[in-house]
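Each chain, letter by letter, is given below.
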Amino acid sequence: VRPAHERIKREGKFAGKTVVVTGTLQNFTRSQAEAAVREAGGNASSSVSKKTDFVVAGSDPGSKLEKAQKFGVKVLNEKEFMELLGK
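Thresholds applied
- Residues numbered from 1 in each chain as written.
- Predicted model: local features only at pLDDT ≥ 70, side-chain atom pairs only at ≥ 80, totals over all residues.
- Heavy atoms only, no water.
- Phe/Tyr/Trp six-rings, centres within 6.5 Å; stacked < 30°, edge-to-face > 60°.
- Helix = DSSP H or I, 4+ residues; strand = E, 2+ residues; numbered from the N terminus.
- Buried < 20%, exposed > 50% of the residue type's maximum accessible area, 1.4 Å probe, protein only.
- Salt bridge = Lys/Arg side-chain N within 4 Å of Asp/Glu carboxyl O.
- Arc of directions from axis to C-beta.
- Contact = heavy atoms within 4.5 Å.
- Polar contact = N/O pair within 3.5 Å; in protein donor to acceptor, adjacent residues only side chain to side chain.

A. Here's a closer look at the packing of aromatic side chains. Evaluated as defined, the whole model comprises three aromatic pairs. Seen from their ring centres, Phe14 and Phe54 are 5.6 Å apart, and the 85° between their planes marks the pair as edge-to-face. Taken together, the residues span a long stretch of sequence, with Phe14 in the loop between helix 1 (2-11) and strand 1 (18-22) and Phe54 in strand 3 (residues 54-57) at a distance of 40 residues. The class for Phe14 is buried, based on a relative accessible area of 0%. Seen from their ring centres, Phe28 and Phe81 are 5.5 Å apart, and the 65° between their planes marks the pair as edge-to-face. A residue pair is termed long-range when its members are at least 10 positions apart, and Phe28 in the loop between strand 1 and helix 2 (30-39) and Phe81 in helix 4 (residues 78-85) qualify at 53 residues. Comparing Phe28 with Phe81 shows no difference in burial state: the two are buried.

Spelled out as structure tokens, the structure:
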């Protein structure tokens, strides 16, 4: 099991990417979504910056969504996030 997990980290859809999860998701808690990002090779962050690659926005996303738009960060809805994860 571990070698497959390591392979996913190197080759995952979020490999080398920084992802921020904001708002309420239907199918994940925030910690589950962040764990899925890490399993797909990404780095889950709690704050949006110019170096953020993606923001996953659920309902009531608040100021993180506004910051993402200000910085030109790609915003994913939950469906797009799940598609990238292959779920």
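What follows continues from the structure just given.
B. Looking closely at the pattern of salt bridges. Counted by the stated rule, this structure contains one salt bridge. Lys79 is paired through a salt bridge with Glu83; the nearest N and O atoms lie 3.6 Å apart. Highlighted residues: Lys79 and Glu83, both in helix 4, separated by four residues, approximately one helical turn.

C. Representation of helix 2. All of the buried residues in helix 2 are Ala33, Glu34, Ala36 and Val37. Burial along helix 2 is one-sided: seen end-on, the buried residues are contained in an arc of 155°. Where the residues of helix 2 are buried, they touch strand 1, strand 2 (43-45) and helix 4. Gly41 sits one or two residues past helix 2 and shows a positive phi near 90°.

D. Broad picture of helix 4. Within helix 4 the residues assigned to the buried category are Glu78, Phe81 and Leu85. Along helix 4, the residues classed as buried sweep out an arc of 60° about the axis, all on the same side. Facing away from the buried side of helix 4 by more than 90 degrees, the exposed set consists of Lys79 and Glu83. Looking at the buried residues of helix 4, the elements they touch are helix 2, strand 3 and strand 4 (74-76). Two to three positions downstream of the cap, the backbone nitrogen of Lys79 sits 3.0 Å from a side-chain oxygen, assigning the N-cap of helix 4 to Asn77. One or two positions beyond helix 4, positive phi appears at Gly86, with a value near 75°.

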